[in-house]
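Structural characterization, general
Take a look at the letters that make up each chain.
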Amino acid sequence: MAQEPEFVPAAASERPVILVAPRLEDCQPCLKMPEKLAPEETAATVFLDAILAAGGLPLMAPLTEDEGLIARMVEMADGIALPGGQDVSPALWGDESPYDEALLCPERDAFEARLIKAALAAHRPIFATCRGAQILNVALGGSLCMDVPSFEPVDGMALWRHRPILSDPAHPVEVRAGSLLERALGGFTQVQANSSHHCCVDRLGEGVELVARATDGVPEGIEVPSERFCLGVQWHPEYTWRTLPTDFNLWRSFVDAAAEVRAAR
């Protein structure tokens, strides 16, 4: 059995506040509850646990289109975390091709795009996983490949299985030397990562740099070098931080960056 990472627990008053963008789940009637319930804004326990273990204090944001409220939440927070979930709508970069709307969540698209822009304007550390990395790129004017199985692999390679493997490593990821991602991982330029996605970064947004790929060529890591900490990874380190030291390093690096914001207040 893997041993959980060791960390020094911080006093509650010293922990940096990490604003977590919520997932949105539609609750369908069933035998247990035949009435139609309101949609639920949720957060995966593994995501919150990773932030807690790294020394942060996670607080889940409510979905809202009110830019004043979003700015106020960002002002209160020391860092912003964006989790995975539904696909980002191709309409956001002008692609009007037919797409299965059941895979989309326009409420999250609208909220997270505003949240990212507010966080960047306030220079708050951002850590984004899977969909989070995708909406980070799109919010900055980029686009996505909406069908990874059709992605053309690098010469001599077949595509790795990119969905769904969450609890174990799925493939290697090569990281650009000298990047924020390399530093956040603990100085490693090749790591193992899990995988559960069928979309990935395509055209890069303004100021976004691609800093990691799976060995088959699929984009796996982006960052905004003009910011102190703005990082997106295509994998799900919230599921593997207990077993992969490099993934726990990601959470610690993010929370440490948020702690610097808190200390400077």
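Our structure is the block above this text.
This text gives an overview of the structure that appears in the document. The shown structure was predicted, so the numbers you read here are calculated from the model rather than taken from an experiment.

With that settled, consider the overall build of the protein chain. Regarding its fold elements, the protein chain presents 6 helices and 13 strands. Scaling as 2.2 N^0.38, a compact globule of 265 residues should have a C-alpha radius of gyration of about 18 Å, and the protein chain matches this with 18 Å. Overall size of the protein chain, expressed as C-alpha extent along the three principal axes, is 50 × 50 × 40 Å. Looking at the 265 residues of the protein chain, the share that counts as buried comes to 52%. Summarising the internal contacts of the protein chain: among those between residues at least 6 apart in sequence, 70% fall at separations of at least 24. Accessible area for the protein chain stands at about 12,400 Å²; split by element, carbon and sulfur atoms hold 54% of it. Looking at charge distribution, the protein chain has the averaged site of its 21 positive side-chain charges lying 5 Å from that of its 39 negative ones.

On to the packing of aromatic side chains. One pass over the full model with this rule turns up 5 aromatic pairs. Aromatic pair Phe 127 and Trp 251: ring centres 4.9 Å apart, planes at 90°, arrangement edge-to-face. Of this pair, Phe 127 sits in strand β6 (residues 126-129) while Trp 251 sits in helix α6 (residues 245-264), and the two are 124 residues apart along the sequence. Take Phe 127 and Trp 251: they sit in the same class, and that class is buried. Relative to Phe 254, the ring of Phe 229 has its centre 5.9 Å away and its plane inclined at 40°; by these criteria the two rings are tilted. Here Phe 229, found in the loop between β12 (219-223) and β13 (230-233), pairs with Phe 254, found in helix α6; they are 25 residues apart in sequence, far enough to count as distant.

In space, the 9 strands of this open sheet follow the order β4-β1-β5-β6-β13-β12-β11-β8-β9, with mixed pairing throughout. Looking along the sheet, the strands with just one partner apiece sit at the ends: β4 (57-60) and β9 (190-193). Neighbouring strand axes in the sheet, compared pairwise and without regard to direction, differ in orientation by 20° on average.

Looking along the chain, the bond that leaves Arg 163 and enters Pro 164 is cis, with omega of -25°. Along the polypeptide, Pro 164 turns up in the loop between β7 (144-145) and β8 (171-175). Positive phi, close to 55°, is recorded for His 123, a residue that is not glycine. Here His 123 is to be found in the loop between α3 (106-121) and β6. Its relative accessible area of 43% is what places His 123 among the partly exposed residues. Its identity as a non-glycine residue notwithstanding, Cys 130 has a phi of 50°, on the positive side. With respect to the helices, strands and loops of the structure, Cys 130 is situated in the loop between β6 and α4 (131-139). Since its relative accessible area comes to 6%, Cys 130 is described here as buried.

Taken together, the side chains of Val 154, Met 157 and Trp 160 make up a nonpolar region of the molecular surface, amounting to roughly 230 Å² of accessible area. Position of Trp 160 relative to the elements: it lies in the loop between β7 and β8.

The rules behind the values
- Residues numbered from 1 in each chain as written.
- Predicted model: local features only at pLDDT ≥ 70, side-chain atom pairs only at ≥ 80, totals over all residues.
- Heavy atoms only, no water.
- Helix = DSSP H or I, 4+ residues; strand = E, 2+ residues; numbered from the N terminus.
- Rg over C-alpha atoms; globule rule 2.2 N^0.38 Å.
- Buried < 20%, exposed > 50% of the residue type's maximum accessible area, 1.4 Å probe, protein only.
- Contact = heavy atoms within 4.5 Å.
- Areas by Shrake-Rupley, 256 points an atom, 1.4 Å probe, with all protein chains shown as cover.
- Lys, Arg positive; Asp, Glu negative; His and termini not counted.
- Charge placed at Lys NZ, Arg CZ, Asp CG, Glu CD.
- Phe/Tyr/Trp six-rings, centres within 6.5 Å; stacked < 30°, edge-to-face > 60°.
- Pairing = 2+ DSSP bridges.
- Axes fitted to C-alpha atoms, helices over the stretch in contact; angles between N-to-C directions.
- Patch = residues over 30% accessible without salt bridge, like charges linked within 9 Å, V, L, I, M, F, W, Y side chains within 5 Å.
- Salt bridge = Lys/Arg side-chain N within 4 Å of Asp/Glu carboxyl O.

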